[in-house]
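# Tertiary structure, described
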Amino acid sequence: MFKKILIANRGNIAVNIIRACREMGIDTVTVFSDVDKESIHVRYADKAYFLGKAKYQEDYTRKDRILQIAQEEKVDAIHPGFGFLAQSREFMSECKELGITVIGEEPDKLIEFMDKVRTKEIAKELKIPVVEGKVIESLEDLDSMKPPFLIKPIFGFAGRGMHYVENNSEKEKIYKMALKEAEFIYGDKSIYAEEYIKKAYLIEVCVVGNGKDYKCLPTIDSSLRRKFQKIISECPAEYIDLKIRKKIMDYAKKLAKKLEISNMGTFEFLVDGKKIYFLEFNSRLPVSYTVLEMLTGFNLIKEQINISAGNKMQVEEIALDKIKGNAFECRIHSEDYFNRFKPSTGIIENLIIPGGKDVRVEFDYFNGDEVSSYYDSQVARILVKALHRNEMINKIRWVLEGTKISGIPSTLPFIYNVVNTKLFESGKIVSDFITHIMRERRFKKVREKGYVASIISCLSFHNENQKKNLLPRMNMERKQYSPWTVLGRTKILKKWE
């Protein structure tokens, strides 16, 4: 087993890797940029090293500095999490040359896995239906594509660089933008266009493998996305027919065997009625891994470390009819829902999320922390589990009602609105929900609740200031008073005002 691991990431994923390492008795080293010097992952790691300014290629994508730290600390392995360097072929190859294990896929295989067009060709060879598309080498190549369609980087991941083309008039503008973004983000301006399937479910399947044995985990529905970023996830998506889910898992396992994955991979499919289409493959931990952990009880980060260390796989495949319970995850972001999801920054003054049985909270920030504009705007993930789906729905509603975030606007009211719709109740939140189905009238009630919450926050702030002003008049030092004393004396003073 590894003795020391460097975590080349930040935020909640870095914290969970540190936690897994601690439980396994592994020392941790982490890295940080100038705006992250007081972040959660820096506080929790055994050691933390400064990378540079919060700027592209000067922070968490700075390969040279990360490898220098890894050599100085004599780490056995590097865990890149997801995003940043998690799917960088060059970084993994350099680690291999230095004799450092990257917890993830083999760099030689990653080159093939990153090519979304090639993985679709492999799926076709296995007679798995795919979302049709074509490689785009010039603007004229788009003439045969009927809107709406998507333009994607061939070597892209995490939804970055993807563009939706609604009509022919915006085709040229989006094409040029897609080329620039693909080259800037991924260093390769290869792009392709694919058919956009409306009102479909986006279903993910995580397969764990070691090159010989493969275990398929339950399906995750991550249909609700904004700007191609997942907002809520549900597992095992029981409102989708059991036969369809079984078929998806069979397809995923067949692809995993053909690709000979040697750690962990996430296969994405679209479900339109009874039709299934393979979408893409990402050779990493799924972004919604926590909802899988919530349902199954497995620790997927520990499993990644185990496999990379050459140990036996510990996860087990669960038959669909043997799955017990339902799990839900939502991601709260610092975006102003009432102002067209405008990004928001500032200090989190108060963050309260109620706990309870089968409630899990993944914090990216604590009270008093500053949310900057440099990185992902996620503030926290909230997860619940229940034996039956209706109980799960009631539980997440109750938890969200008790959640309080002040200091910055957030998407909390939006998530609360979503889980209170009849569409969510009946399992009909599809990929077009935000764009074509969501209407302001659905959210009037909770908008009012949002205003009430703001008023309460203002009153609370006023009361705190009143306490500060009253203390000198009571001839009391801060060390001498208790809340009850202050309350009693405040009433007496107010009587005579």
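Quick summary incoming for the structure in this document. Every value quoted in this text rests on a predicted model; they were computed, and no experiment measured them.

## Considerations on helix 5 (residues 107-114)
At 3.6 residues per turn, the α-helix brings residues three or four places apart onto the same side. Every buried residue belonging to helix 5 is among Pro107, Leu110, Phe113 and Met114, and all of these are buried. Buried residues in helix 5, looked at end-on, bunch into an arc of 105°, giving them a common side. Where helix 5 is buried, its residues contact helix 4 (89-97), helix 6 (116-125), helix 8 (242-259) and strand 17 (275-282).

## So, the nonpolar core
Grouped together as the largest cluster of nonpolar side chains are 66 residues, with contacts concentrated most on Val207, Phe267, Phe269, Phe278 and Leu300. With 8 residues, the top contributor of residues to this core is helix 8. If you look at the next biggest cluster of nonpolar residues, it comprises 37 residues, including Ile353, Val371, Ile396 and Ile434.

## Description of the sheet that holds strand 6 (residues 133-136)
With antiparallel pairing, 4 strands are arranged side by side in an open sheet as 6-9-7-8. Across the chains shown, the open sheet's two edge strands, defined by having one partner strand only, are strand 6 and strand 8 (163-165). Strand-to-strand twist of the sheet, defined as the mean angle between neighbouring strand axes without regard to direction, takes the value 25°. Here 3 bridges tie strand 7 (residues 149-153) to strand 8, and the two strands are oriented antiparallel to one another. Paired with Ile151 across the strands is His163, a residue of strand 8. Contacts from helix 6 reach strand 6, strand 7 and strand 9 (191-195) within the one sheet, and its direction differs from that of strand 9 by about 45°. Sheet strands in contact with helix 7 (residues 171-186) are strand 6, strand 7, strand 8 and strand 9, and its direction is about 165° off that of strand 8.

Definitions and cut-offs
- Residues numbered from 1 in each chain as written.
- Predicted model: local features only at pLDDT ≥ 70, side-chain atom pairs only at ≥ 80, totals over all residues.
- Heavy atoms only, no water.
- Buried < 20%, exposed > 50% of the residue type's maximum accessible area, 1.4 Å probe, protein only.
- Helix = DSSP H or I, 4+ residues; strand = E, 2+ residues; numbered from the N terminus.
- Arc of directions from axis to C-beta.
- Contact = heavy atoms within 4.5 Å.
- Core = buried A, V, L, I, M, F, W, Y, C linked by side-chain atoms within 4.5 Å.
- Pairing = 2+ DSSP bridges.
- Axes fitted to C-alpha atoms, helices over the stretch in contact; angles between N-to-C directions.

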